[in-house]
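# Chain and residue survey
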2 protein chains.
Amino acid sequence: MAATLHDVARLAGVSIKTVSNVIHEYPHIRPATRARVEQAIAELGYTPNLTARSLRSGRTGAIALAVPELGLSYFAELAAAVIEAAEEAGVVVLVEQTGGDRDRELELLRSPRLKMTDGLIFSPLGMGQDDVDRLEVPYPLVVLGERIFDGPADHVTMRNVEAARAATEYLLASGRRRIAIIGAHEGEVIGSAGLRLRGYREALDAAGVAYDESIIGHTTLWHRSNGARCMRELLDRGAEFDAVFGLNDTLALGAMRVLQESGRRVPEDVAVVGFDDLDEAGYSIPSLTTVDPGQAWIARTAVSTLMERIADPDAAGPPRLLLADFRIVERESAPADRLAPAAVPTR
Amino acid sequence: MAATLHDVARLAGVSIKTVSNVIHEYPHIRPATRARVEQAIAELGYTPNLTARSLRSGRTGAIALAVPELGLSYFAELAAAVIEAAEEAGVVVLVEQTGGDRDRELELLRSPRLKMTDGLIFSPLGMGQDDVDRLEVPYPLVVLGERIFDGPADHVTMRNVEAARAATEYLLASGRRRIAIIGAHEGEVIGSAGLRLRGYREALDAAGVAYDESIIGHTTLWHRSNGARCMRELLDRGAEFDAVFGLNDTLALGAMRVLQESGRRVPEDVAVVGFDDLDEAGYSIPSLTTVDPGQAWIARTAVSTLMERIADPDAAGPPRLLLADFRIVERESAPADRLAPAAVPTR
DNA sequence: GTGAAAGCGCTAACAT
DNA sequence: ATGTTAGCGCTTTCAC
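Residues numbered from 1 in each chain as written. Chains lettered and ligands numbered in written order. Predicted model: local features only at pLDDT ≥ 70, side-chain atom pairs only at ≥ 80, totals over all residues. Heavy atoms only, no water.

All names here are of chain A. Considering all chains together, one arrives at four aromatic pairs over all chains under this definition. On the numbers, 5.3 Å between centres and 85° between planes, the contact of Tyr74 with Phe75 is edge-to-face. The exposure classification of Tyr74 matches that of Phe75, with both residues buried. Arg196 extends its terminal NZ or CZ atom over the ring of Phe275, reaching a point 3.7 Å from the ring centre. Sitting over the ring of Tyr211, Arg201 keeps its end group 3.7 Å from the ring centre. (Phe/Tyr/Trp six-rings, centres within 6.5 Å; stacked < 30°, edge-to-face > 60°. Buried < 20%, exposed > 50% of the residue type's maximum accessible area, 1.4 Å probe, protein only. Lys NZ or Arg CZ within 6 Å of the ring centre and 35° of its normal.)

Here it is, written out as structure tokens:
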């Protein structure tokens, strides 16, 4: 049905090699020949069959991105940034959702469907450090997130401990002393929750503030609804606090909502800080002070690192750990100075 | 490098056809042979080369989804639903972002990169009715959204006019009379903005309420920031209104934010209604009354319709228009009864 | 400057 | 029940 190189060659009265030369802009072609070929291509509406090209070249021009769920704004924004960076690099992106489920993640790593792509950017959520061997795969792989460290693949991620510590120090500096946590994972050591909680504790320790288990709210998936539920539980059990550190923005926003429903004023009674700097953090009431963990850089770096590995699969080199810079974004929910409202809301 | 059918066949001491038979679970294979082949497959870690399979079969097992931007929550949620539905149908999804730019949309439709997929689910934003011919493409195509009607491809979308009319009637029924609009597109007839505005006007007309250009806020891209800006402009020019209909949730949330900054109470002074029923609509302060336009159904239907066309490209049949059901989701920003607050916030 | 031909890894028709 | 073989459409080496 669709025209092939042969069809074009026949119509132009040349061989397929010549057509191929024209398509690949091989320099030494007689102008007349080139014109005839181009004419034939236009006439037939020829477009190369990329599957055939892939089979021959061993490259598909596609990469895969596996995230837990696009419904989670953090991953939607990550995917947007990855797709954009990939486009600049001339490749397309196949997006998979794992649901943060370990079995699906492991299955995905072994999936032959990946054969349709040149490499994978993988953001696991269900797998843990024990699964580190499973990252030994026969294709270029870049790992994101904080579920697994020191694996056999390049790893691009954020400075969770330092950033969470900075966020906590920010709250302490503004005069808060009882900082509740929303989103802790029971017993987790690594993982976003574990690392951010560690940063939190480091900041408390450094400031000589006691860690109080009673104001640590636990939840599993970082959905908005869980942030709300988690805050409700804290309030129900009579926890007292003057600040809340949501381990991500979605949790913080869900929690802030419940906080205000309960009659507490933000930031007057309770300051709230999130983590991620999602677009919507600038538009909540009040707008959310948060940590910008460098997601844009992470996306760009993940793509460029993967593309390097794809280009040069032999030049193995040791796996790299690449860490993004972060910064605190001050907004209304937690002004730097407890007494003064944030000067101008950052958008 | 990676093992091929030949490698497996050699190791198992059979022909590639036998290996192929085992892989495809062809029934008549001697158990001993099957065992030997399976053993060889495991030993070599063989996984089929999908590119080769695609070239041979003419199917890639992938579909493409083109949306303006995953950073827009509506499209993130759409993509999530499409990927999920696609997975159930056994295909993977390649996601492209067009930025809502007409040229990029047109280019994408012609792009040979689509040769890597079996079909396309396309949500245009820059193209208009004049470009309807460009949807005549040599591969299965399902169009979403409201930029183009009566095209040559199947079209899955929502009942914009009816839903917007229902939303407006809802506000009128609750006693509001001056309903401002956020997000109108100058002179647009079709398109989400144009259709929803039409529903709005129909409701006004039916109720005998005059249409007042001075409370129609215009903007282009439906970003949160534009909703905020648009509301600021309305307020700056002294517009007076007792309700706001944001033509989508993102706009409504941005607008609601500005409204409250200006000291107005929602819903007491101004009721706010959105459109889309995004996840976050349930967690704003106040939570957002909105229209659930049936996105989940749209995603499922788009995938199943596309899969049908892929399975049977000849059984052309006339292009179909498939419309989702909608419903008003009552939350706090616009209670059904102006005087009574919404009973229980819907989560 | 252009052509002929091999082969990427797989499927399926045909043969045994 | 299993083997042989001809392509799918392209790239690329090697001739001419």
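Our next topic: the domain arrangement of chain A. For chain A, the assigned domains are domain 1 (5-46), domain 2 (62-157 + 294-324) and domain 3 (160-289). Distance between the C-alpha centres of domain 1 of chain A and domain 3 of chain A: 64 Å. (Domains from an automatic or database assignment.)

Lining the immediate surroundings of DNA strand C are 25 residues, of which Thr18 and Thr33 of chain A together with Tyr46, Arg53 and Arg56 of chain B lie closest. Protein-adjacent atoms of DNA strand C, using a 4 Å cutoff, are sugar or phosphate at a proportion of 61%. Within the side chain of Arg53 of chain B, an N or O atom sits 2.5 Å from a phosphate oxygen of DNA strand C. Mapped by element, the contributors of at least two residues to the surface near DNA strand C are α2 (16-23) and α4 (50-57) of chain A together with α2 (16-23) and α4 (50-57) of chain B. Take the surface near DNA strand C: its biggest share by element is four residues, from α2 of chain A. Of the residues belonging to the surface near DNA strand C, the class tally is 10 nonpolar, nine polar and six charged. (Near = heavy atom within 4 Å. Polar contact = N/O pair within 3.5 Å; in protein donor to acceptor, adjacent residues only side chain to side chain. Helix = DSSP H or I, 4+ residues; strand = E, 2+ residues; numbered from the N terminus. Nonpolar A, V, L, I, M, F, W, Y, C, P; charged D, E, K, R; others polar.)

On to unusual backbone geometry. Residue and element names in this part refer to chain A. In the segment running from Val266 into Pro267, the intervening peptide bond is cis, with an omega of 10°. Residue placement: Pro267 occurs in the loop between α10 (249-261) and β9 (271-273). The step from Ile285 to Pro286 runs through a cis peptide bond, and the omega angle for that step is -10°. Looking at the secondary structure, you find Pro286 in the loop between β9 and β10 (290-292). Of note in the backbone geometry, Asp277 takes a positive phi value of approximately 55° without being a glycine. Its place among the elements puts Asp277 in the loop between β9 and β10. Judged by relative accessible area, Asp277 falls into the buried class, the value being 19%.

As a further point, take the packing of helix α5 (residues 73-88) of chain B against helix α11 (residues 295-311) of chain B. Residues and elements named next belong to chain B. Two numbers describe how α5 lies on α11: the axes approach to 8 Å, and their chain directions differ by 45°. As the angle between them shows, α5 and α11 are arranged oblique. Like other packed secondary-structure pairs, α5 and α11 cross with a definite hand, here right-handed. Contacts from Tyr74, Glu77, Leu78, Ala81, Val82, Ala85 and Ala86 of α5 reach α11 at Gln295, Ala299, Arg300 and Val303. Here the residues of the contact of α5 with α11 sort into eight nonpolar, one polar and two charged. (Axes fitted to C-alpha atoms, helices over the stretch in contact; angles between N-to-C directions. Parallel < 35°, antiparallel > 145°, perpendicular 65-115°, else oblique. Left-handed = near helix turned anticlockwise from the far one by under 90°. Contact = heavy atoms within 4.5 Å.)

The tendency in soluble globular proteins is for nonpolar side chains to be buried side by side. In this structure, Ile121, Phe241 and Phe245 of chain A together with Ile121, Phe241 and Phe245 of chain B are the most contacted members of the largest nonpolar core, which totals 159 residues. Counting residues per element, this core draws most heavily on α5 of chain B, at 10 residues. Ignoring sequence-local partners within four residues, the contact set of Ile121 of chain B consists of Ile63, Ala64, Leu65, Ala66, Val82, Val142, Leu144, Ala302, Val303 and Leu306 of chain B. Core analysis: the next-biggest nonpolar cluster, separate from the first, contains 22 residues, Leu94, Val137, Tyr139 and Leu141 of chain A among them. (Core = buried A, V, L, I, M, F, W, Y, C linked by side-chain atoms within 4.5 Å.)

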